[in-house]
Amino acid sequence: MHDDIPLTVGRVTRVLTERILPAVHAESVPLTAQWHELPGEPVSPAEGLALDYTPYAVGTPWGAAWGTTWFRLTGEVPAHWAGRRVEVVADLGFDRDMTGFQCEGLVYRADGTPVKSLNPRNQWVLVAEEAEAGRAVELYVEAASNPILVAGNPFVPTREGDIVTSSSTRLYTTGRLDLAVFERDVFELALDVQVLLELQAELPPGPRRMQVLQALDEAMDRLDLQHVASTAGDARAALVDVLARPAEASAHEISAVGHAHIDSAWLWPLRETIRKVARTTASMTTLIDETDDFVYGMSSAQQYAWIKEHRPEVWDRVKAAVDAGRFVPLGGMWVESDTVMPSGESLVRQFLHGQRFFETELGIRCRGVWLPDSFGYSPALPQLMRRAGFEWFFTQKISWNQVNTFPHHTFLWEGIDGSRVLSHFPPMDTYNAQLSGAEVALASRQFRESRVATGSIAPVGWGDGGGGTTREMTGKASRLADLEGSPRVRWEHPDAFFDRTREQLPQAPVWVGELYLELHRATLTSQHRTKQGNRRTEHLLVEAELWAATAAVRTGTAYPHDELDALWQQVLLQQFHDILPGTSIAWVHREAVEQYARVTEAAEAIIARSLAALVGEGDTALEANAAPFERAGVPAGGAVERESRTDEPGAYAVSLSERDGGWVLDNGVVAVTVSAEGLVTSAVDLATARDAIAPGREGNLLQLHEDVPNRWDAWDVDRYYRNRVTDLRDVSVLSAAVDDEGVARVVVERHISADSTVRQELSLAPGARLLEISQETDWHETETFLKVAFRLDVRAEHVAAETQFGFHRRVTHTNTSWEAAKFETSMHRFVLAEERGFGVALVNDSTYGHDVTRDVVGDDVVTTVRLSLLRAPRFPDPETDQGVQTHRYGLVIGADAEVATREGALMGTPPRRLTGARRVAPLVTATGEGIVVSSVKEAADRSGDLVVRVYESLGGRARGTLRLDLPVAAVTTVSLLEEPLDDGEVVVVDGEVPVVLSAFEVRTFRVARA
């Protein structure tokens, strides 16, 4: 026979596109439309239905950016449609390729009952399965005119990303507002043809492909293109045989779960996400009602809480679907957070608040963590997942790696403490699957554990901006359930997949350490104010808990559970993986900064009143220390008289002397030389005579790089940024003095450009190893990256960068492509470069990104460590980082892991000066090398028990005690969810609890008060 494959494929494709699909709703009548445009923020559904409506003509532009337009649609079912399925078909002006990124609508009945959403891939609303002649139709559409910000070139700067700068031009034009007959046979024929057309494209040459093509040709021969609806059944009959042939026994198995991945904020503000969630979940519960086996999964307790608060009618439907096992809460977290930058306590609270909401409101305990889209994953996460009771982990983002292909799809992920969690990446390489032939074939072809395991997961539905699964996707799934030449597809709860996988892979491959994303590295730096707000508020909330718990025990002051819960949930929301990373529109970050200010004010108020209750009224000058380390004689978690501190002037007096136009700062512990250029040219540990700065090199060197990535402006920094660098050496002001407290301070001011300036204050306190640098930058650059470099006389084969509850060691060389790809990496409060006997640390109060390079000077290797300070991308927020920015960071001279951990913690939690009548003794004191108290708080169940969390900070085994200065009834070890473990009761002797920890182990104790 002749090769007619191209002819058949071309014929079928054209008929499907031009004749079959339009015939699904071919018979229609226009509805009568009315509208009401709102000038400002959205109103409640009840208010929307009660608006005054005026006539609207289809084709009239509607909707300025971020506006809301209510449409009222009325009509009557024609008599000759009686007994047929009738639907409303509404095209609000959709671009089919922009699902989730443009206008959307939620449909209501006249009584205010929500029905389902309207979006580019879901333009129908059921009126009646078997309509009655003359039936009146009245529906309302709450239409959101969200601007498209990613069309064409998605990285063009735009002012449409904030309602305060967006234009008033109407963005959308309706195309169709009709009442139509839904032709079931035509719809099913379209799916039959699409599935087979996509299948044959993936099949190898051979009988199966040729038989599918022949069946498609025969179906086209039977279809009368002038009368598609009446001949669709006959055309379908030609396809019955090829659709009925079962899959091979060894076919890959795809566990599909409905999905929408609604970013809690991104190219839309939080207030719009609330409506996106309502729209999507209304549609998904409708789809559940119309199918027998479809399972929809949604993460983020915050999103469920929004539905409950703002759309109670949708909430009732969601609860019913959850009870039926068809709507699946996933992930057990408050939001799908970033996991690299939040503190350990923040991640604990993500799990605690998430699981408590799911259990309290829905009776569900999530068994796995669902994070398909975060930008890399901390090596501390496996332990935290396991200690919160999770059994599995799911993500997809690592498939976006620029250089290296991750070697596994199903594997055990091992964290810094040795904990392992069963993990899975879908080989379909998407979390927005449509169940196309290409997608399912890719999953089968790529699955790397196929020698021993049978299947993978597919999150199915339109996502990012929501929308979810469509009836076309469920129709495809039913055809792919058992089809020759294709993987088998079934709707399934992820728990069932992981249970089966655990049995199939008892010896799963192991990946040790962080899951580094070779992309989106600049998310560690973009939107500095957002990152600074996160760091400061998560520290403040831990401090507020400490003082509130201490006041509750010492004075009987009521613990502010409601306040703290609300504040934590606000901070946890801002840790969403497009907010904290700095990749959302201007509106989102403007509100984030405002929320951080509100949380800061509220947390400071809790701290102030708790400390006031503890110290009482008096005139004694006191200093309180909430850091987990003693500070100059002030115990961790306590307060003492200022006069009893051990760093008062005279104890280690700082001398300040001029040298070569610069200054030398010497406190008897370290001696620091600041050159006439304001650069640190020497930083000597006087006990060892070791200089932290490499000979002839400098520290505190500010450097500017041109920063125009290939794409993803706020997300990415590409390796070639290093090819253009400007060192900032010119000084406009250089002065020095010793202040009243004996601290030597050097002030350096520079012009970055004609538009930007920077002012630094370098300070050395009595007895300190830390040269602290406070920096204020008036930043008005564009597409520029600001870093500060320290060239260290340390031959470090690796550096230690703090992560949650410990640190992560990264090599400094680039022997392999894996190491070379990590040219920008994360840290929390410190990064340490160390050789035997000597180390240098950089600590900071609000920085996350850094890079490390090895440079050869003569015969010596110099380790250059640079902190990433500011960027200036133009998309999605053209004002990213503009204006006055502040940083605090410092050089710790002569450091090891213990010193770096302590100095980082002290910088993150400054001391508090106050007046009162009495000292405050710590509730909890830890002894033992490397044992750090992470938090002290009251239990979340409001029982009055205390919860104390400790961790091993140095990467080795530790033995010590916790001293509890309160009447104790019992102590037990508990999970991160504060629930009993099998360890039994802990022995307490004279208020002391023995503590034995392995490397980086996190342990949580629950203390019942006597």
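Structural data are supplied above this passage.
Rules used in this analysis
- Positions within a chain are numbered from 1, following the residues in the order the chain's sequence is written.
- It should be noted that, the model being predicted, local features are given only for residues of pLDDT at least 70 and side-chain atom pairs only at 80 or more, the latter also being counted only at that level, while totals for whole chains, interfaces and linings use all residues.
- With hydrogens and water stripped out, all remaining heavy atoms of the structure feed into the side-chain values.
- Only the stretch in contact is used when fitting a helix axis, every axis being a line fitted to C-alpha atoms; angles between N-to-C directions are given from 0 to 180 degrees.
- Starting at the N terminus, helices and strands are each numbered in turn, a helix being any DSSP run of H or I of at least four residues and a strand any DSSP run of E of at least two.
- Put simply, a crossing is left-handed when the front helix is turned counterclockwise from the back one by less than a right angle, and right-handed when it is turned clockwise.
- Contacts were defined at the residue level, with two residues in contact if any of their heavy atoms lie within 4.5 Å.
- Residues are grouped as follows: Ala, Val, Leu, Ile, Met, Phe, Trp, Tyr, Cys and Pro are nonpolar; Asp, Glu, Lys and Arg are charged; every other residue, Gly included, is polar.
- The rule is simple: take the accessible area with a 1.4 Å probe, protein chains only, and divide by the maximum for that residue type; under 20% is buried, over 50% is exposed, in between is partly exposed.
- In this description, strands pair whenever DSSP reports at least two bridges between them.
- The term salt bridge refers to a side-chain nitrogen of Lys or Arg lying within 4 Å of a carboxyl oxygen of Asp or Glu.
- Any two rings among Phe, Tyr and Trp, with Trp reduced to its six-membered ring, count as a pair given centres within 6.5 Å; such a pair is stacked if its planes are under 30 degrees apart, edge-to-face if over 60, and tilted if neither.
- Geometrically, a charge over a ring is one whose NZ (Lys) or CZ (Arg) sits within 6 Å of the ring centre while staying within 35 degrees of the ring normal.

Right, let's talk about the packing of helix H3 (residues 184-202) against helix H4 (residues 207-222) for a bit. Packing of H3 against H4 leaves a shortest axis separation of 9 Å and a crossing angle of 145 degrees. In this structure, H3 meets H4 at a crossing whose hand is left-handed. Here Val 193, Leu 196, Leu 197, Leu 199 and Gln 200 of H3 come into contact with H4, specifically with Arg 208, Arg 209, Val 212, Leu 213, Leu 216 and Met 220. Tallied by class, the residues present in the contact of H3 with H4 amount to 8 nonpolar, 1 polar and 2 charged.

With that out of the way, let us pick up the pairing of strand S43 (residues 860-870). Within S43, 10 of the 11 residues are buried, which leaves it mostly tucked inside the rest of the structure. Here strand S36 (residues 784-792) runs beside S43; their pairing, made up of 7 bridges, is antiparallel. Residue pairing for S43: Val 788 is matched across the bridge by Leu 867. Strand direction decides the pairing type here: strand S42 (residues 849-857) and S43, joined by 8 bridges, are antiparallel. Bridge pairing links Thr 853 to Thr 864 in S43. The loop that links S42 with its antiparallel partner S43 comprises 2 residues; one of these, Gly 858, has a positive phi angle of about 65 degrees.

A complete count under the given rule lists 86 salt bridges for this structure. The salt bridge partner of Arg 745 is Glu 761, with a shortest N-O separation of 3.0 Å. Within this pair, whereas Arg 745 is found in strand S33 (residues 744-751), its partner Glu 761 is found in strand S34 (residues 757-764), the two being separated by 16 residues in sequence. Put simply, Glu 41, Glu 104, Glu 142, Arg 271, Glu 272, Arg 275, Lys 276, Arg 279 and Arg 311 are held in one network by salt bridges that share partners.

Think of an α-helix as 3.6 residues a turn; residues three or four steps apart then line up on the same face. Counting buried residues in helix H8 (residues 301-310) gives 7 out of 10 residues, a clear majority hidden from the surface. Buried within H8 are the following residues: Ala 301, Gln 302, Gln 303, Tyr 304, Ala 305, Trp 306 and Ile 307. The inward-facing, buried residues of H8 contact helix H7 (270-289), strand S14 (296-298), helix H9 (312-323), strand S15 (327-329), helix H10 (344-362) and helix H16 (561-574).

Moving on to the packing of aromatic side chains. Each aromatic ring pair is specified by the distance between its two centres and by the angle formed by the two planes. Taken as a whole and judged by the stated rule, the model has 40 aromatic pairs. Judged by centre distance (5.2 Å) and plane angle (90 degrees), the rings of Tyr 304 and Phe 358 are edge-to-face. Placement of the pair is Tyr 304 in helix H8 and Phe 358 in helix H10, with a sequence separation of 54 residues. Like Tyr 304, the residue Phe 358 is buried in the burial classification. Ring centres 6.3 Å apart and planes at 75 degrees place the aromatic pair Phe 357 and Phe 358 in the edge-to-face group. The class for Phe 357 is buried, based on a relative accessible area of 12%. An aromatic cluster is built from Phe 294, Tyr 296, Tyr 304, Trp 315, Phe 327, Trp 334, Phe 357, Phe 358 and Trp 491, whose rings are joined through pairwise contacts. The lysine or arginine in question, Arg 85, covers the ring of Phe 182, its NZ or CZ lying 5.2 Å from the ring centre. The ring of Trp 124 has Arg 471 lying over it, and the distance from NZ or CZ to the ring centre is 3.8 Å.

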